[in-house]
Amino acid sequence: MVKKKRYKMKSIKKYLVLALLAGFGFFPNLKAQNDLQISRVFELYGEKKGSVMVELTDEMLEGYDFSLFKSITINNNPQAADFIRKCLTKDETGAKKVKQVVTNGIPTSIYLQLPRKGQLFRLILFNETFKPVQKITLIYIESKNDSEDVLKLILKKK
Amino acid sequence: MNIRIKHKTDFSKLDQLIEKYYEGMTTSDEEKQIRNFLTLPGLPKRFEVEKEIFGYYDQKKKKPHAGILPYFRWACVAAAVAIVVFSLQVYMNTNQTNYACIDGKKIYDVTQIKSQALESLSDVSPKTNEVEEGFNNLNDHDVIKQQLDVFSGL
């Protein structure tokens, strides 16, 4: 009887520890961009040499009111550009393509308006330039403001 | 006969100990002794009150070992740990999510982060109107030549 009780306690302890570990692993992944393939780009290239990754939460950025702003700029890495394009092809499903520029058959500029997640409007902006050097820029935006208004602000000529 | 004498002396010692207990002067060893005395068979009736007092404490002590309480205690510990870690993560998220990572090196200076963010935004936003740019590439001379070429075929 006592042995049985001890065994029960041990297994309960084991389940509690597992539940806690699972919980701790789960909490950081509750971000809205984690359902997107581009989140892998930030994970893979964010901390590599030649990359600049920015993450801003609930900050005003010259008139832009973003809940989340995440960007990555990668220099001289054509493989990364191909990888991003592949991710974007998957993230395109269900999204509205606001703009696409194709150069020599390859998309070099893509603006995607993603379906809303809760109260958040979401946007993905991608651009690749080749002069003076190959430079990729990928931006993910979450905002409580209408994504069209956010786009208008971004697309206005500088 | 010997045993009776022993019990007599024992109970007088118990009296002393109980007196000491009410004065709040007993050590934990002495309280243990009182408990042991009170469990002895043939205890005089005058110790009923003390028996009740100590019996009550004993019951209280035994309670946690019964039934579901140990699991509940573990669940409480787990919940407490989870709350602490969750609050820590929320705190970290609100305070540490503003950063820029340049060549693998993290910076937390907000003005620097903002300037990097604006730079990436300007990379994405069109510098000039693309249609306008296309027209600008054609100088007047080319336009005239192209228009004339269209009519030369007639």
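Residues numbered from 1 in each chain as written. Chains lettered and ligands numbered in written order. Predicted model: local features only at pLDDT ≥ 70, side-chain atom pairs only at ≥ 80, totals over all residues. Heavy atoms only, no water.

Trainee: Residues and numbers for the overall build of chain A, please.
Mentor: Each helix and strand counted, chain A has 4 helices and 6 strands in total. Reading the secondary structure of chain A in the N-to-C direction produces α-α-β-β-α-β-β-β-β-α. A burial count over chain A gives 43% of its 158 residues as buried. For chain A, the computed accessible surface area is about 9,200 Å², with 57% contributed by carbon and sulfur atoms. (Helix = DSSP H or I, 4+ residues; strand = E, 2+ residues; numbered from the N terminus. Buried < 20%, exposed > 50% of the residue type's maximum accessible area, 1.4 Å probe, protein only. Areas by Shrake-Rupley, 256 points an atom, 1.4 Å probe, with all protein chains shown as cover.)

Trainee: Explain the overall build of chain B to me, and be specific about the residues and the numbers.
Mentor: A tally of helices and strands in chain B yields 7 helices and 2 strands. Ordering the α and β elements of chain B from the N terminus gives α-α-α-α-β-β-α-α-α. Counting across all 154 residues of chain B, residues that qualify as buried make up 20%. Sequence-distant contacts in chain B: of pairs separated by 6 or more residues, those separated by 24 or more amount to 32%. (Contact = heavy atoms within 4.5 Å.)

Trainee: Tell me what's going on with the pairing of strand 1 (residues 99-102) of chain B, and back it up with residues and numbers.
Mentor: When a strand is regular, its side chains alternate between the sheet's two faces. Residue and element names in this part refer to chain B. Here 3 bridges tie strand 1 to strand 2 (residues 105-107), and the two strands are oriented antiparallel to one another. Note on strand 2: the bridge partner recorded for Ile-102 is Lys-105. Between strand 1 and strand 2, which pair antiparallel and follow one another directly, the connecting turn spans 2 residues, one of which, Asp-103, has a positive phi of 50°. (Pairing = 2+ DSSP bridges.)

Trainee: For the side chain of Thr-26 of chain B, give the residues involved together with the corresponding values.
Mentor: With respect to the helices, strands and loops of the structure, Thr-26 of chain B is situated in the loop between helix 1 (2-22) and helix 2 (28-38). Within the local environment of Thr-26 of chain B, its side chain forms a polar contact with the side chain of Glu-31 of chain B, the two groups lying 3.1 Å apart. (Polar contact = N/O pair within 3.5 Å; in protein donor to acceptor, adjacent residues only side chain to side chain.)

Trainee: How would you sum up the pairing of strand 3 (residues 96-103) of chain A? Please name residues and give values.
Mentor: Residues and elements named next belong to chain A. In the sheet, strand 3 pairs with strand 4 (residues 106-117) via 7 bridges, with the strands oriented antiparallel. Residue pairing across strands places Thr-103 opposite Ile-106, the latter belonging to strand 4. A loop of 2 residues connects strand 3 with strand 4, the two strands running antiparallel in sequence, and Asn-104 in this loop sits at a positive phi of about 50°.

Trainee: Describe helix 3 (residues 78-91) of chain A, listing the residues and the values that go with them.
Mentor: Residues and elements named next belong to chain A. Its 14 residues place the ends of helix 3 20 Å apart at the C-alpha level, agreeing with the 20 Å of an ideal helix rising 1.5 Å per residue. Listed in full, the buried residues belonging to helix 3 are Ala-80, Ala-81, Phe-83, Ile-84, Arg-85, Cys-87, Leu-88 and Asp-91. Looking at the buried positions of helix 3, the neighbouring elements they touch are helix 2 (38-45), strand 2 (64-75), strand 4, strand 5 (120-129) and strand 6 (135-143). (Expected span 1.5 Å × (residues − 1).)

Trainee: Residues and numbers for a nonpolar patch on the surface, please.
Mentor: Nonpolar side chains collect at one region of the surface, where Trp-74, Val-77 and Val-81 of chain B lie side by side and expose about 230 Å² of accessible area between them. Mapped onto the elements, Val-81 of chain B comes out in helix 4 (residues 69-96). (Patch = residues over 30% accessible without salt bridge, like charges linked within 9 Å, V, L, I, M, F, W, Y side chains within 5 Å. Salt bridge = Lys/Arg side-chain N within 4 Å of Asp/Glu carboxyl O.)

Trainee: Would you mind going over the packing of aromatic side chains in detail, with residue names and values included?
Mentor: All names here are of chain A. As enumerated under the stated definition, the model contains 3 aromatic pairs over all chains in all. Relative to Phe-83, the ring of Tyr-45 has its centre 6.1 Å away and its plane inclined at 55°; by these criteria the two rings are tilted. You can see Tyr-45 sitting in helix 2 and its partner Phe-83 sitting in helix 3, a full 38 residues away along the chain. Judged on exposure class, the residue Tyr-45 and its partner Phe-83 are both buried. Taken together, a centroid distance of 5.6 Å and an interplanar angle of 20° make the contact between Phe-66 and Phe-69 stacked. With relative accessibility at 3%, the residue Phe-66 sits in the buried group. By relative accessible area, Phe-69 is classed as buried at 0%. Here Lys-70 stacks its cationic end above the ring of Phe-42, 5.0 Å away from the centre of that ring. (Phe/Tyr/Trp six-rings, centres within 6.5 Å; stacked < 30°, edge-to-face > 60°. Lys NZ or Arg CZ within 6 Å of the ring centre and 35° of its normal.)

Trainee: Residue-level account of the pattern of salt bridges, with values.
Mentor: Residues and elements named next belong to chain A. Summed over the entire model, instances satisfying the criterion amount to 10 salt bridges over all chains. Residues Asp-82 and Arg-85 are paired through a salt bridge, measuring 3.3 Å at the closest nitrogen-oxygen approach. Taken together, the residues span about one helical turn, with Asp-82 and Arg-85 both in helix 3 at a distance of 3 residues. Residue classification places Arg-85 among the buried positions, given a relative accessible area of 13%.

Trainee: Describe in detail helix 5 (residues 110-124) of chain B, supporting the description with residues and values.
Mentor: Residue and element names in this part refer to chain B. Its 15 residues place the ends of helix 5 21 Å apart at the C-alpha level, agreeing with the 21 Å of an ideal helix rising 1.5 Å per residue. Turning to helix 5, its buried residues number three or more, namely Ile-113, Gln-116, Ala-117, Ser-120, Leu-121, Asp-123 and Val-124. An end-on view of helix 5 places all buried positions within 155° of arc, on one side of the element. (Arc of directions from axis to C-beta.)

Trainee: Could you give an account of the nonpolar core, naming the residues involved and the relevant values?
Mentor: Burial of nonpolar side chains together is a common tendency in soluble globular proteins. Ile-38, Val-41, Ile-84, Leu-88, Ile-124, Leu-138 and Tyr-140 of chain A are the most contacted members of the largest nonpolar core, which has 25 residues in total. Those elements giving two or more residues to this core turn out to be helix 2, strand 2, helix 3, strand 4, strand 5 and strand 6 of chain A together with strand 1 of chain B. Looking at this core element by element, the count peaks at 6 residues for helix 3 of chain A. By size, the runner-up hydrophobic cluster in this structure holds 19 residues, among which are Val-54, Phe-66 and Val-150 of chain A together with Ala-100 of chain B. (Core = buried A, V, L, I, M, F, W, Y, C linked by side-chain atoms within 4.5 Å.)

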